[in-house]
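A look at the structure
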Amino acid sequence: MDGSLAPAESADSASALGGEPAAGTGDGRPELSPADADRLVAGMRRICGEDAVITHPHDLRTYESDGLLHYRATPRLAVLPRTSEEVQGVLRLCHELGVPWVARGSGSGLSGGALPVEDGVLVVLSQMRRVLEVDLDNHRVVVEPGVTNVQVSQAVAPDFFYPPDPSSQIVCSIGGNVAENSGGAHCFKYGFTTNYVTGLEVVLSDGEVVQLGGHELDRPGYDLLGAFVGSEGTLGVATRITLRVLPKPEATKTFVAFFETTTAAGETVSDIVSAGVVPGAIEMMDSLAIECSEQMAHAGYPLDAGAVLLVELDGPRAECDARFDEVVAICERHGGRDLRVARDEAERELLWKTRKAAFPAMGRLSPHYFVQDGVIPRTRLPDVLDRIRGLSDQYGMQVANVFHAGDGNLHPLVCYDGKKEGEAQRAEELSALILEACLDAGGSITGEHGVGVDKKRHMPKQFSECDLDAFQRLRCAFDPAGLANPGKLMPTPRLCGEVPGPYREHPLEKAGLAERF
Amino acid sequence: MPSASSASVVVQRPGSPEQGAEALGAAAREGQRVRIVGGGTKLGWGNQVAQADLELRTEGLSRLVEHNEGDLTAVVEAGMGLAEAQEAFAAAGQMLSLDPPDPGGATVGGLVATGDSGPMRHRYGAARDLVLGVTAALPDGRLAHAGGRVIKNVAGYDLAKLMCASYGTLGVIVEVVLRLHPRPAATASVGAPVATADELATGAAALARAPLELLSLDVAWHEGRGAVLARAAGSAALDAAQAAGRVLLEAGLEAELHEDDEALWEEQRAGQRAGAGVRDDGERGSGYDDAKRGSGSNDGEGGSAPVNGERGDGGEAVVRISGRPDQLAEVASVADEHGARVVGRAALGLFWLTLPAGDPAATLAAIGALRGRLSPSPCVVLDAPEAVRASLDPWGVGEGAELALGRRLKARFDPQGTCNPGLFVGGM
């Protein structure tokens, strides 16, 4: 054993199975026998090479969290395959030995989706970073999962670009983007990862390789590609990813305008959209977020403003210019002031830097914070912000708000001091109430960060038991043994029955540890 | 209430999603085969199947449940007519950005279930890209929702995509949440007539690479003549169309400007269905040239009325090619070998090839030949005469890991084969 510690809870559940020794897998699976544990390590070394297998607890610490640092788990081992064949070998071996596994790209996810399973295998895809094909005649690029988001755009520059641009784009991997269906600041106009993936080579949990889609659109058959993108690593590992790229816009016009209140800024956004303008991006920050980012970015933003809007128009130059005048008029109608237009790329970068500084800058204001990722229908913004303000007052905790305003995606940052007794828990409570406010407004618990471990307990608030059953049908079709990223996305562990076939009670079910789907 | 139709099939018209789920659940318990019918405009698509025990018609599910104008979203029951839905959205200056050919009576649910699309797909994508959420009746008699009512949402699996283009074989789509877009203030188009397949491909490729943000980028081709067509939308549509004209000129093609352009695009849409090129006098039209004459009205379309969705009865066969943009010249050349018409989305690699009416054996041979030439790009036969459909696999997809996974999915959602059994790829 590599010294990984079993959490008390799973030790209890494993012993509840009766007769078996206390075990350490996250979902109550029987523990691997010492002989099988040795086979696993030796097998991984044989498949991927000595250097590609990490078992020392000290080295494994690198991988104990993803971007959400308050969840930690140490895997039994981490393996870094270099090819699709190696990934197949890794998953086949896990399947043979019944070992759960978790795939990880750059580990920048914000929902704990790449949190390892205790005693499971962590499949790290960062060594698979080749751009395999650039086919601009057909607007396609084929990459391995470890390629970073920004490298895709670089591979097709200068005439083309890859639109989804999560703010972590310099480090986050395309494989991770596929798992999370990543968006970004420009997705109101351009859509999400799922709108750009046309083909995937996927290694299923039993080691089988499936080609989903390809360069072509509308391949006859179920849209398994659409189901796979955003499945948070629970359906398999994408080892080869075909993406659609677009011609780079001819012109870009970026500006900021300041408003008295978030309501005025919100109404401006609604009017811009209703006027038929589809900006590349519309971002909003409230006064607290402005204050924080200003401390870090020093862009000279007025600190007395209630809200700032960053608007980016892109497209053909004539259209861009025409729309710019229209949007400025709308801003002014709602009291927008101190309009600043970026005159060159450097000024544009400063405006974006100030927006993106909001998260890191929050660290200066508050020792700790939770980021939420709720979505609301855009028109409900004023009500929901009122409710967030009320909650903030009630809890006596500051909440800074940063939004992708075009698509109603809110990122409230709940500030707290983790050293104070009970503060973290209260901050989490407040965060949960904010999500409820989003759901009450007809929205969603997550717009781009994913469910992972962080939001799975909220899933029953958004989906009925029957909806969750339908999700499980999909999961079981891909991974009947339940080895792919178990314990994520779904609120409770579920098993896959045989289909079709007579009903048999599973030992875990008998022990009351899992419910049958 | 159930009612018996002409044959022994029982017809049900649920009046609510819940009733739909109950009806489907009851049928599944009795081991019945259910045929799901919307507007009946695409009943000839997919495998020929044995008569069902129950026909579930969605016409009682025709409500516009919500139209959230400020959010540009709508919740629509599956049986609502596409035209009626568009009319309702248009009243608020909005649209569902899907413009498939609609011979009359197509429903939103049928459109989603088949994944059909039209020229606007170039800019806005297909049903899969515009359906934000879906409610489906499953064979276990329950309703399942997936997705949401907001334009950005990654909670849970994207079952909405799975339901799109699944031909009703996983369940019955009873309600969908749609993303809408503002109707463009104006449109304007350019068309460049061409006389060789190379010119067609060159012009299309030049426009596809240009940063024009066109609404549509199409091609039309028939017997050695054709056109590259670009449509711009928005307040600066005229400027943008002229810019597209300049791109074509640089590629060596002279383009004509069409400010009144609806008929051109109606012709492109109609070209995706059989019978579209046949005018009332029985003579075949010639795509772009004909549409130009009809500009400003829809009369140029001609087109025979659909007969209960069996558009192949006139003898033509339509094959949809899921290809690549750089296959365009090849597609045009194969079309010429068989006297076929082509319309297509140049930047997306989607082409509809219409084989002329003739001896079924010749049509079958032509389909075989073009599948051979364009392999591995899938060639799906949509409209086709009875005699042709009886003798081929319209899907043309071989067994393999992807199909095997699809079968496992079907088994999970519809273990007894209740929903449109046999209709889909691989006889699912």
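Values in this document were obtained by computation on a predicted structure and should not be read as measured data.

All names here are of chain A. Strand order in the open sheet formed by 7 strands is 15-12-14-13-17-18-16, and the pairing between neighbours is antiparallel. Bordering the open sheet on either side are strand 15 (337-341) and strand 16 (368-371), each of which pairs with just one other strand. On average, each strand axis in the sheet is tilted by 15° relative to the strand beside it, whichever way the strands run. Note: strand 17 (residues 399-404) against strand 18 (residues 409-416), 6 bridges, orientation antiparallel. Pairing of V402 across the sheet is with H411, part of strand 18.

Attention now goes to the interface of chain A and chain B. Of the residues lining the interface, 73 residues belong to chain A; the matching set on chain B comes to 71 residues. Sorting the residues of the side of chain A that touches chain B by element identifies strand 9 (209-213), helix 8 (224-228), helix 9 (262-274), helix 11 (317-333), helix 16 (459-462) and helix 17 (465-478) of chain A as the ones contributing at least two each. When residues in the side of chain A that touches chain B are grouped by element, the largest group, 8 residues, is from helix 17 of chain A. In terms of residue class, the side of chain A that touches chain B is made up of 30 nonpolar, 27 polar and 16 charged.

Residues and elements named next belong to chain B. Of all the 6 residues making up strand 16 (residues 317-322), 6 are buried; the element is thus mostly covered by neighbouring parts of the structure. The two faces of strand 16 match: A317, V319 and I321 on one face and V318, R320 and S322 on the other face are all buried. Bridging between strand 16 and strand 18 (residues 350-355) involves 6 bridges; their strand directions are antiparallel. Across the sheet, residue A317 finds its bridge partner in strand 18, namely L355. As defined by bridge partners, strand 16 adjoins strand 19 (residues 379-381) across 3 bridges and the pair is classed as antiparallel. Bridging from a neighbouring strand, V319 pairs with V381 of strand 19.

The next point concerns the sheet that holds strand 9 of chain A. Residue and element names in this part refer to chain A. The sheet built from 5 strands is open, its strands ordered 5-6-10-8-9 with antiparallel pairing. Strands at the two margins of the open sheet, each flanked by one partner only, are strand 5 (131-135) and strand 9. Each neighbouring strand pair of the sheet contributes to a mean axis angle of 10°, computed without reference to strand direction. In terms of strand pairing, strand 6 (residues 140-143) meets strand 10 (residues 237-244) through 4 bridges, oriented antiparallel. Each bridged residue has a counterpart across the sheet, and for V141 the counterpart in strand 10 is L243.

Close inspection of predicted coordinates is inappropriate in any region flagged by low pLDDT. All names here are of chain B. Of all residues in chain B, 90% attain a pLDDT of 70 or more, and the chain-wide mean is 92. Here residues 296-309 is a poorly scored stretch, pLDDT under 50, and it has 37 contacts once near neighbours within four places are set aside; other chains count. Here the predicted complex scores 0.92 on pTM and 0.94 on ipTM.

In this section: the packing of helix 11 (residues 328-337) of chain B against helix 12 (residues 360-374) of chain B. Residues and elements named next belong to chain B. Remark: helix 11 packs on helix 12, axes separated minimally by 11 Å, with the N-to-C direction vectors making an angle of 160°. As judged from the angle between their axes, helix 11 and helix 12 are roughly antiparallel. Relative to helix 12, the crossing made by helix 11 is right-handed. Of the residues in helix 12, those touching helix 11 at E330, V331 and V334 are L370, R373 and L374. Within the contact of helix 11 with helix 12, the residues separate by chemical class into 4 nonpolar, no polar and 2 charged.

The subject of this paragraph is the nonpolar core. Grouped burial of nonpolar side chains is what soluble globular proteins tend to show. With 289 residues, the main nonpolar core has V123 and L309 of chain A together with L207 and A244 of chain B as its most contacted residues. With residues up to four places along the chain from it excluded, the contact list for L207 of chain B reads L212, L217, V228, A230, A244, V247, L248 and A346 of chain B.

A few words now on unusual backbone geometry. Trans is the common state for peptide bonds, and a negative phi is the common state for residues other than glycine. The omega torsion of the bond from A157 of chain A to P158 of chain A falls at 0°, within 30 degrees of zero and hence cis. Along the polypeptide, P158 of chain A turns up in the loop between helix 5 (149-156) and strand 7 (160-161). A cis amide bond links S375 of chain B with the next residue in sequence, P376 of chain B, at an omega value of 10°. Position of P376 of chain B relative to the elements: it lies in the loop between helix 12 and strand 19. A positive phi is found at D119 of chain A, a non-glycine position, where the angle reads about 70°. Overall, the presence of 26 C-beta atoms within 10 Å leaves D119 of chain A in the buried class. Unusually for a residue other than glycine, N181 of chain A sits at a positive phi of about 50°. Structurally, the position occupied by N181 of chain A is in the loop between helix 6 (174-180) and helix 7 (187-190).

The rules behind these values
- Residues numbered from 1 in each chain as written.
- Chains lettered and ligands numbered in written order.
- Predicted model: local features only at pLDDT ≥ 70, side-chain atom pairs only at ≥ 80, totals over all residues.
- Pairing = 2+ DSSP bridges.
- Helix = DSSP H or I, 4+ residues; strand = E, 2+ residues; numbered from the N terminus.
- Axes fitted to C-alpha atoms, helices over the stretch in contact; angles between N-to-C directions.
- Contact = placed C-beta atoms within 7 Å.
- Nonpolar A, V, L, I, M, F, W, Y, C, P; charged D, E, K, R; others polar.
- Buried ≥ 20, exposed ≤ 12 C-beta atoms within 10 Å, placed from the backbone.
- pLDDT = per-residue confidence, 0-100.
- Parallel < 35°, antiparallel > 145°, perpendicular 65-115°, else oblique.
- Left-handed = near helix turned anticlockwise from the far one by under 90°.
- Core = buried A, V, L, I, M, F, W, Y, C linked by C-beta atoms within 7 Å.

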